[in-house]
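A closer look at the structure
This is what each chain is made of:
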Amino acid sequence: PSDPAEKPAVVERIADLYANKAGNTSRAASTYLQVLELDPGAYGTVTVEENAFLELRSGKYHLDALEVQALGNLRVRANGGPVVLNVRNTITLAGSVGVVAGNASQFRVVYLGTAELELTAPLFATVFAPQALVTLHPGGADTEFVGALFAAEIATTDGVVVRQQASFVAPAPL
């Protein structure tokens, strides 16, 4: 599709055709697991569903809301410079968030909402949430948050490790 926002629906339709018309469930599964790329820009609500992968490349993203469902995967590719994720209303990160290329210090999350922001380890990012409570939770065996956190209030649950490194490079301006 010419509009990148339409790509997830097209991929889902192709996978549905493999599963329901061609009877090829393995091909359907591999199609569902495709990595969808979102170009920098402004979007409404972005949802990363279970077993789906969404990749953000270097640039600025402006979202009304972000939801990464359980078993969903948000991948950050910061090898071309910073990835700046500005979210106006709500962020739900029940799935995984990982930097797959580039310097993890180039991943910035700016949350302008007032609802609590719950983050699960591991997470490598600089997080700005000036109007919200940020609660950090361990993620199974990996309990570490690396980067910087700026929030109205920060709370941690048992077992969480927060590490700010002196070598954590300040994000380069876009």
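Higher on the page you've got the structure.
To keep things clear, this report deals only with the structure shown in the data block. Keep in mind that what you see is a predicted model, and the values were worked out from it rather than measured.

**Looking at the pattern of salt bridges**
On inspection of all chains with the given rule, the structure shows six salt bridges. Between Arg 57 and Asp 39 there is a salt bridge; the shortest N-O distance is 2.3 Å. Pair noted here: Arg 57 is in strand β3 (residues 53-57) and Asp 39 is in the loop between β1 (35-38) and β2 (41-48), with a separation of 18 residues, a long-range link. Since its relative accessible area comes to 29%, Asp 39 is described here as partly exposed. A cluster of three or more residues bridged by salt bridges with shared partners is formed by Glu 37, Asp 39 and Arg 57.

**A word on the nonpolar core**
The biggest cluster of nonpolar side chains holds 36 residues, and the ones touching the most others in it are Leu 54, Leu 56, Leu 66, Leu 85, Phe 107, Leu 117 and Leu 119. With seven residues, strand β10 (residues 123-137) is the largest single contributor of residues to this core.

**Side note on the side chain of Glu 55**
Summarising the element assignment, Glu 55 is placed in strand β3. For Glu 55, the side chain forms a polar contact with the side chain of Arg 77, separated by 2.8 Å.

**Thoughts on the environment of Ser 96**
You can see Ser 96 is positioned in strand β7 (residues 96-102). Residue classification places Ser 96 among the partly exposed residues on the basis of a relative accessible area of 35%. For the pair Ser 96 and Val 68, spaced 28 residues apart in sequence, the C-alpha separation works out to 7.6 Å. Apart from the residues within four sequence positions on either side, Ser 96 is in contact with Val 68, Gly 72, Asn 73 and Leu 74.

**Describing unusual backbone geometry**
At Asn 51, a position not held by glycine, the phi torsion is positive, near 65°. Position of Asn 51 relative to the elements: it lies in the loop between β2 and β3.

**Comments concerning the packing of aromatic side chains**
Working definition: an aromatic ring pair is given by the centre-to-centre distance plus the angle between the planes. Summed over the entire model, instances satisfying the criterion amount to one aromatic pair. Ring geometry for Phe 128 and Phe 150: centres 5.1 Å apart, planes at 10°, overall stacked. One end of the pair, Phe 128, is in strand β10; the other, Phe 150, is in strand β11 (residues 144-156), and 22 residues separate them in sequence. Judged by its relative accessible area of 45%, Phe 150 is partly exposed.

Rules used throughout
Sequence order sets the numbering: in each chain, residues are counted from 1 along the sequence as written. Totals for whole chains, interfaces and linings use every residue, but because this is a predicted model, local features are given only for residues with pLDDT of at least 70 and side-chain atom pairs only at 80 or more, for both listing and counting. Side-chain measures here rest on the full set of heavy atoms in the structure, leaving out hydrogens and waters. Criterion for a salt bridge: a side-chain nitrogen of Lys or Arg within 4 Å of a carboxyl oxygen of Asp or Glu. Helix and strand definitions follow DSSP, with helices as H or I runs of at least four residues and strands as E runs of at least two, each counted in order from the N terminus. Think of it in three bands: with a 1.4 Å probe and only protein chains considered, a residue is buried below 20% of the maximum accessible area for its type, exposed above 50%, and partly exposed in between. Working definition of a nonpolar core: buried Ala, Val, Leu, Ile, Met, Phe, Trp, Tyr and Cys residues. They are joined through side-chain atoms within 4.5 Å. Counting of polar contacts relies on pairs of N or O atoms within 3.5 Å, with two restrictions inside protein: one atom must be capable of donating a hydrogen and the other of accepting it, and residues adjacent in sequence are counted only when both atoms are side-chain atoms. Contacts are assigned to residue pairs that have any heavy atoms within 4.5 Å of one another. Two rings from Phe, Tyr or Trp (for Trp, the six-membered ring) form a pair when their centres are within 6.5 Å of each other. A pair whose planes differ by under 30 degrees is stacked, one over 60 is edge-to-face, and the rest are tilted.

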